[in-house]
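Structural description and commentary
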Amino acid sequence: MKVDRLVSIIMVLLDKERIGAQELADMFEVSPRTIYRDIDTINMAGIPVCSTSGVGGGFEIMEKYKIDRKVFSAADLSIILMGLSSLSNMMRGNELVNALAKVKSFIPADKAKDIEIKANQIYIDLSPWLGNRNIQPYLEIIKTALQESKLLTFEYSDRYGNKTARTAEPYQLVLKSSHWYWQGYCHKRNDFRLFKLSRISNLQIQEEFFTPRDYQKPQLDFTDILAAMQTKIKIRIHKSMMDRVHDYCTYEHFSPDGNEHYIVDFPFIENEYYYNILFSFGNKCECLEPSHIRTEINRRIHGMAALYEN
């Protein structure tokens, strides 16, 4: 992952007077182009790294710039440790272990207890309770392909279960709303696509390298689009469903209806996804209005019951 590589590069620059781009690339098993981007990131972070061309050239921290363990505050170290520890739940590997060890080496002995307490105040566990057992090994395969700029082949299922064989160039891993995706350039579609890991099977890394192209980041924030599409429907829920319904709307949308129930102004879009949300609440939820949605729910319930009549 980039964060541990950046920390490691800073550590190398502290230990060495000068080091070449190719040597750094070989050390971290990435391309020289990636090293140049990392050096730019380190410079933007406020650590001035200069480069010297020619024989014996390379990167070094400017001579008059002083850097020591105090470059990271207790808050900085707590946040870095929190992030690396959270990633290690899903992104296992020696590089994360090494990065954690290196970051911990910055911690002054008299601050260790305080930083440990702060780092443990928020715990992020990205591993699922249950689910697709391919997610973990697939993450490792994609991570390797990202680092080495190698093609991936796989079978991809659409939401109706139709499978197609794909070859794609990986560019970014994405964790969105507890689901893993990766953004890649699909050779079948000749365009960038966002692939959901749970829909992938037979994922394999190829020996063939690709030359990275201009990368188009995926659109991940649909807040404004959804707000424009959503309407409010009125549902009546049993209090046992409050925790579930809170995943979709806030307390301000609830009003008590007796001792056991609540009336909720529920955000809704008329598509399969939102109807399935309502059905997931079972008999603890009743749609009160508008009438055409109530009628559609009734029609779907009768259609479902018809499957079991015989």
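Up top is the structure.
All of these numbers come straight from a predicted model, not from anything done at the bench. (Residues numbered from 1 in each chain as written. Predicted model: local features only at pLDDT ≥ 70, side-chain atom pairs only at ≥ 80, totals over all residues. Heavy atoms only, no water.)

**Observations concerning the overall build of the chain**
Put simply, the rule reads: Helix and strand definitions follow DSSP, with helices as H or I runs of at least four residues and strands as E runs of at least two, each counted in order from the N terminus. For the exposure calls, accessible area comes from a 1.4 Å probe over protein chains only, and a residue counts as buried if that area is under 20% of its type's maximum, exposed if over 50%, partly exposed in between. Note on contacts: a residue pair qualifies if any of its non-hydrogen atoms lie within 4.5 Å across the two residues. Note on areas: Shrake-Rupley, 1.4 Å probe, and residue coverage restricted to the protein chains presented here.
A tally of helices and strands in the chain yields 11 helices and 11 strands. Taking all 310 residues of the chain together, the buried fraction comes to 37%. For the chain, the proportion of contacts with a sequence separation of at least 24, taken over those separated by at least 6, is 57%. Element-wise, carbon and sulfur atoms account for 51% of the exposed surface of the chain, whose accessible area totals about 19,600 Å².

**A short note on the packing of helix H10 (residues 272-280) against helix H11 (residues 291-306)**
Just so we agree on the cut-off: In this analysis, axes come from line fits to C-alpha atoms, helices being fitted only over the stretch in contact, and the angle between any two N-to-C directions falls in the range 0 to 180 degrees. Roughly parallel here means an angle under 35 degrees, roughly antiparallel means over 145, roughly perpendicular means 65 to 115, and every remaining angle is called oblique. Classification convention: Asp, Glu, Lys, Arg as charged; Ala, Val, Leu, Ile, Met, Phe, Trp, Tyr, Cys, Pro as nonpolar; all other residues, Gly among them, as polar.
Across the interface, H10 lies against H11 with an axial gap of 12 Å and an inter-helix angle of 75°. Here H11 runs roughly perpendicular to H10, going by the angle between their axes. Taken together, the residues of H11 that come into contact with H10 (itself represented by Glu-272, Tyr-275, Leu-278 and Phe-279) are Ile-293, Glu-296, Ile-297, Arg-300 and Ile-301. The class makeup of the residues in the contact of H10 with H11 is six nonpolar, no polar and three charged.

**Observations regarding the sheet that holds strand S3 (residues 150-157)**
What counts here: Pairing between two strands is assigned when DSSP locates at least 2 bridges connecting them.
The sheet built from five strands is open, its strands ordered S6-S5-S4-S3-S7 with antiparallel pairing. At either end of the open sheet lies a strand with only one pairing partner, and these are strand S6 (191-196) and strand S7 (200-209). Neighbouring strand axes in the sheet, compared pairwise and without regard to direction, differ in orientation by 45° on average. Note that S3 and strand S4 (residues 163-176) share six bridges and pair antiparallel. Bridging from a neighbouring strand, Leu-152 pairs with Ala-168 of S4.

**A few points about the packing of aromatic side chains**
We count it as follows: Two rings from Phe, Tyr or Trp (for Trp, the six-membered ring) form a pair when their centres sit within 6.5 Å of each other. Planes less than 30 degrees apart are called stacked, planes more than 60 degrees apart edge-to-face, and all others tilted. Two conditions define a charge sitting above a ring: the NZ of Lys or the CZ of Arg must be within 6 Å of the ring centre, and it must be within 35 degrees of the ring normal.
Under the criterion given, the structure shown has 15 aromatic pairs. When the ring of Phe-154 is compared with that of Phe-195, the centres are 5.0 Å apart and the planes differ by 75°; the resulting orientation is edge-to-face. With a gap of 41 residues between them, Phe-154 in strand S3 and Phe-195 in strand S6 connect regions that are remote in the sequence. Classification of Phe-154 as buried rests on a relative accessible area of 3%. A relative accessible area of 1% places Phe-195 in the buried class. Geometrically, the ring pair formed by Tyr-273 and Tyr-274 is edge-to-face, given 5.4 Å between the ring centres and 80° between the ring planes. Owing to a relative accessible area of 10%, Tyr-274 belongs among the buried residues under this scheme. Grouping aromatic residues by their ring pairs yields a cluster made of Phe-154, Tyr-156, Trp-182 and Phe-195. Over the face of the ring belonging to Tyr-185 we find Arg-213, whose NZ or CZ atom lies 3.6 Å from the ring centre. A cation sits over an aromatic face here: Arg-300 above Tyr-275, 4.1 Å from the ring centre.

**Thoughts on the pairing of strand S2 (residues 58-61)**
Sheet topology places strand S1 (residues 49-52) next to S2; four bridges connect them, and they run antiparallel. Paired with Thr-52 across the strands is Gly-58, a residue of S2. If you look at the hairpin formed by S1 and S2, you'll find five residues sitting between the two strands, and Gly-54 has a positive phi there, around 90°.

**Examining the pattern of salt bridges**
To keep things clear, this is the line we draw: Salt bridge, as used here, is a side-chain nitrogen of Lys or Arg placed within 4 Å of a carboxyl oxygen of Asp or Glu.
For the structure shown, the criterion picks out 14 salt bridges. Between Glu-140 and Lys-143 there is a salt bridge, and its shortest N-O distance comes to 3.4 Å. Taken together, the residues span about one helical turn, with Glu-140 and Lys-143 both in helix H7 (residues 135-148) at a distance of three residues. Judged by its relative accessible area of 22%, Glu-140 falls in the partly exposed class. Here Lys-150 and Glu-148 are joined by a salt bridge, their closest N and O atoms 3.2 Å apart. On the basis of relative accessible area, Glu-148 is assigned to the partly exposed category, the value being 29%. Taken together, the shared-partner salt bridges connect Glu-272, Glu-296, Arg-299 and Arg-300 into one network.

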